[in-house]
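Below are the chains, spelled out letter by letter.
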Amino acid sequence: MSERQPLVEVSGLAVSYRFAGQLVQAVRDVSLSVGAGEILAIVGESGSGKTTLANAILGLLPDNARVVSGRLLVAGQDIGRAPERLGRQLRGSVVGLVPQDPMVSLNPTLRIGRQIAEALIRARGSRYPGLDAEVVALLEQVGLDKPLLRARQYPHELSGGMRQRVLIAIALAGDPRLIVADEPTSALDVTVQRRILDHLERLVKERGISLLIITHDLGVAADRADRVLVMKDGELVEQGPPQHILVAPRQDYTRALIAAAPAFGNRPRPAAPPPAGEVPLLALEDVGKHYRLPRLKGEASSLRALDGVGLEVHRGQTLAIVGESGSGKSTILRIALGLEKPDRGRVLFDGEDVTGFGWRQFRPLRRRMQLVQQNPFAALDPRFSIFDSIVEPLVSFGLAKGRELEVAARRLIDRVRLPTAYLDRLPRELSGGQRQRVAIARALALQPDLLLLDEPVSALDVSVQAQILDLLDELQHELGVAYVLVSHDLAVVGSIAHRVLVLNKGRVVEQGPTGQVFERPASDYTRELLDAIPGRRLAKAS
Amino acid sequence: MSRYLIGRVGQALLVLWGAYSIAYAILYLLPADTLAIMLSASGLEIDSLPEEEIARARAYYGLDRSFLEQYFDLLWGALQGDLGQSLTQNRPVAELLAERLPQTLSLAGLAILLSLAGGIGLAYLTAYVRWQPLKAALARLPSLGFSIPVFWMGLLLIQVFAFGLGWFPATGNAGFESLVLPAVTLAIPSAAVYAQVLQRGFQCVWREPYIVTAYAKGLSHGQVQARHAFKNAALPLLTLIGLQVGNTVSGAVLVETIFTRSGVGRLVQEAVLRQDIPVVLAVVAVSAAAFVAVNLIVDLLYPTLDPRIAHMPEVSQP
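Residues numbered from 1 in each chain as written. Chains lettered and ligands numbered in written order. Predicted model: local features only at pLDDT ≥ 70, side-chain atom pairs only at ≥ 80, totals over all residues. Heavy atoms only, no water.

**Some points on the interface of chain B and chain A**
- Counting from both sides, the interface comprises 27 residues of chain B and, opposite them, 30 residues of chain A.
- Contact between chain B and chain A buries roughly 2500 Å² in total, counting both sides, with carbon and sulfur atoms accounting for 61%.
- Taken together, chain B and chain A are joined by two salt bridges.
- Glutamate 118 of chain A is paired through a salt bridge with lysine 217 of chain B; the nearest N and O atoms lie 2.9 Å apart.
- Scanning the region where chain B abuts chain A turns up 15 residue pairs in polar contact (both at pLDDT 80 or more).
- Elements with a contribution of two residues or more to the side of chain B that touches chain A: α9 (209-216) and α10 (221-258) of chain B.
- When residues of the side of chain B that touches chain A are assigned to their parent elements, the largest contribution, seven residues, is made by α10 of chain B.
- When the residues that make up the side of chain B that touches chain A are grouped by side-chain class, the tally is 12 nonpolar, nine polar and six charged. (Contact = heavy atoms within 4.5 Å. Buried area = accessible area lost by both parts, 1.4 Å probe. Salt bridge = Lys/Arg side-chain N within 4 Å of Asp/Glu carboxyl O. Polar contact = N/O pair within 3.5 Å; in protein donor to acceptor, adjacent residues only side chain to side chain. Helix = DSSP H or I, 4+ residues; strand = E, 2+ residues; numbered from the N terminus. Nonpolar A, V, L, I, M, F, W, Y, C, P; charged D, E, K, R; others polar.)

Structural data, given as structure tokens:
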């Protein structure tokens, strides 16, 4: 690596934020270098300063952030405290960015082609004759079908994975020497994530571009990087080739990250489930559901969301439903909750046929069946204190008031291992993992028999994911509650589910005990899902 | 799309009819005798006339008929384009409107243009400036703008620009110069609202991740603001413009009184005082039509500015 001329050279860098008159250090004394053509990964939890470091390299620190000390050389120029003009010259042409969340990172009111052309014009001048042709060529290179059509479309007409590809095209348009990918795929399904990262890696290698991947998932980093840097609380605690870091981590923090990454963590399989009773708690029998689509020429008039789906959940057990976006996972939950009526088949709760139940008939059942949603940042009312949120189900069913509510709230918040003092706080004062604990406490308030968990950890860091999964496991042992766990990621469910159901395009492709599905997958689709788990590549090789 | 358009035009007509009917009902229920007001306008006391003559006069003006009969009569006339006869001025309402409407239209039109230019310009400048003290000062201006009462602002402008500097005439409707001060007076509150909403829009948009994407392409602050921030920040403004047009009509009443201009505003003020039902109804119908038309245009413009909005049935998919 020594013969390579470093493209980025950071030495003793410190960055602080000014919040309400106070200085907060986000990055402390970080030194690193990125060589030409090198793939580097920075791994750390939320708040470890990795995104601040990436923004500093792009010269895009927010107004309240300041480089306190150290040097930040990009292509030989110090941009740490340079005027904005210098940063502008480097952005796009030397350093490109692939941002975190593809759903919100494209301008919703500009056509895709225009947004790519804008970056091309910066690189080639406004009179560049081959502009349109190159836009189409770029769209093709990033692996989008029908590039001519895509160029004319708006972002909302594309799926998340397609938008991420467009963002990669924008980053490539300026012909940069380094691409910074900030959590590039954490908002996407694992299979899509893998395809896009593979593609990005190939493009970068073909062109000799350096790549800096910022991620919370050591699995993603280990699969692709030449060198992994581990960050904690703004400091670089460890760096080296992925094999070294994985085999002989020097820091406890790194060990914790390794344990959290599903592919390397030797998280135990769940203990044997309690014996299944005669009558399943929740059963779907041959359920089908179609959605009507608006009439458009040449397109199908309805969408088959579910087709002949059958499943059983027994008391105290966990059933995981795994599939990509659009596979019908959420529809199953909506049907189980009675929010949607199936077109075909029956829904049985505790042996009782609830398929045709109206809102009133269903209401008593809601005490026994609760939902935990995907995004803990949006699932809590921002103006409700944690106490209000947790006791709301008790209040709305009129089960307790006054003193009793306080007792119940203390008991519940204790259950999810949060300090009692948090009851007076507002959701925005809590981290994502803490909010998800609150959401679980709220779901447990009515002492339900069944919890429906809709992607309960996909919005969280891997290390926090592991904590939440452990908590769910503990609660099941203590309370004997049954779970239906919906996820797009097979790795997430491996340590907690007793049975796994793999769903693809509304059909069940595989169903069985977790060990069997993981070790002897019966369908190609399941194998694809298993291969997509980040970190598998390295775990297999070693 | 055409089905959507037909539906919207139908709705617009319904709103027009509603405004017309409600205005009629309110005017009819006012506790005053229309005939007495008409007579006193021509210098006669109603008590001094004999009963038969009053009855004949009522029959002549159609005032002896029932609430509904008079209503349908007026409505039928209006549908055929005949807005009736003014009760107090003895002239066809259409003629009165034709005389006054251009005055008010030019005033309102100029005021709308000024308010858009002023409001959008101020907000754009506020977003562009990066020196915090100036930015903070500019951000406070809109609240100052709409906390000043319109009549006071009008008098202040007259004092300074008409009496003090002598640049513009204080009153009257002769020529373009006389239009400037009233239009500015009328524009200020609307401009303040536009500026406030657009400033807020910019604040929100600057935090959007696509702004970071734009900066990462190497675009300058000005380019990012013009190409990526402005259009997205201005979307809420469009709805507001539709609503503010209604305010401009009611503001015209006040401003025309201050600057003694003979426009529709003054006409309707006098007509309400004298309970001249046909005139009031005609003005209500015209301003409601303007309001409905502007809002229809706004709704049709929306999909071209925001591609996410399409006038098509929603897909019922979770």
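Anyway, onward from the coordinates.
**Notes on the domain arrangement of chain A**
- Along its sequence, chain A is carved into domain 1 (36-66 + 77-260), domain 2 (282-368 + 448-541) and domain 3 (387-445).
- When each unit is reduced to the centre of its C-alpha atoms, the spacing between domain 1 of chain A and domain 3 of chain A is 39 Å. (Domains from an automatic or database assignment.)

**Details of the UniProt feature "transmembrane region" (unreviewed entry) in chain B**
Residue and element names in this part refer to chain B.
- Per the UniProt record, "transmembrane region" (unreviewed entry) is annotated on residues 12-30, 105-129, 141-167, 179-198 and 279-302.
- This span, residues 141-167, is 81% helix and 0% strand, and a straight line between its end C-alpha atoms measures 25 Å.
- Helix makes up 100% of residues 179-198 and strand makes up 0%, while its end C-alpha atoms are separated by 27 Å. (UniProt positions renumbered as here; feature names shortened; annotations may be inferred.)

**Describing helix α7 (residues 150-164) of chain B**
Residue and element names in this part refer to chain B.
- For α7, spanning 15 residues, the distance from its first C-alpha to its last is 20 Å, which sits close to the expected 21 Å at 1.5 Å a residue.
- Of all the bends in α7, the largest measures some 25° and sits at isoleucine 158.
- Of the positions making up α7, those classed as buried are Met153, Gly154, Leu157, Ile158 and Ala162.
- Taken together, the buried residues of α7 touch α8 (177-206) and α10.
- One or two positions beyond α7, positive phi appears at glycine 166, with a value near 70°. (Expected span 1.5 Å × (residues − 1). Bend = angle between axes of the 7 residues up to and from the residue. Buried < 20%, exposed > 50% of the residue type's maximum accessible area, 1.4 Å probe, protein only.)

**Some details on the UniProt feature "domain: ABC transmembrane type-1" (unreviewed entry) in chain B**
- Cross-referencing UniProt, the feature "domain: ABC transmembrane type-1" (unreviewed entry) maps to residues 101-302 of chain B in the present numbering.
- Taken end to end, residues 101-302 of chain B comprises 85% helix and 0% strand; its first and last C-alpha atoms sit 29 Å apart.

**Some thoughts on the pairing of strand β9 (residues 227-232) of chain A**
All names here are of chain A.
- Most of β9 sits inside the fold, with five of its six residues counted as buried.
- Across four bridges, the pairing between strand β3 (residues 39-43) and β9 is parallel. Bridge pairing in β9 links valine 43 to valine 230.
- The pairing of β9 with strand β10 (residues 235-240) spans five bridges and is classified as antiparallel. Bridge pairing links lysine 232 to glutamate 235 in β10.
- Taking the residues between adjacent antiparallel strands as the criterion, β9 and β10 are bridged by two residues, where aspartate 233 takes a positive phi near 45°. (Pairing = 2+ DSSP bridges.)

**Things to note about unusual backbone geometry**
Residues and elements named next belong to chain A.
- Backbone geometry at aspartate 29 places phi at a positive 45°, although glycine is not the residue there.
- In this structure aspartate 29 comes out as exposed when scored by relative accessible area, which is 59%.
- For aspartate 286, which is not glycine, the phi dihedral falls at a positive 50°.
- Looking at the secondary structure, you find aspartate 286 in strand β11 (residues 282-292).

**Details of the side chain of arginine 442 of chain A**
- Residue position: arginine 442 of chain A is located in helix α15 (residues 432-444).
- The buried charged residue arginine 442 of chain A lacks any salt bridge partner; its closest oppositely charged side chain belongs to glutamate 392 of chain A, at an N-O distance of 4.8 Å. (Lys, Arg positive; Asp, Glu negative; His and termini not counted.)

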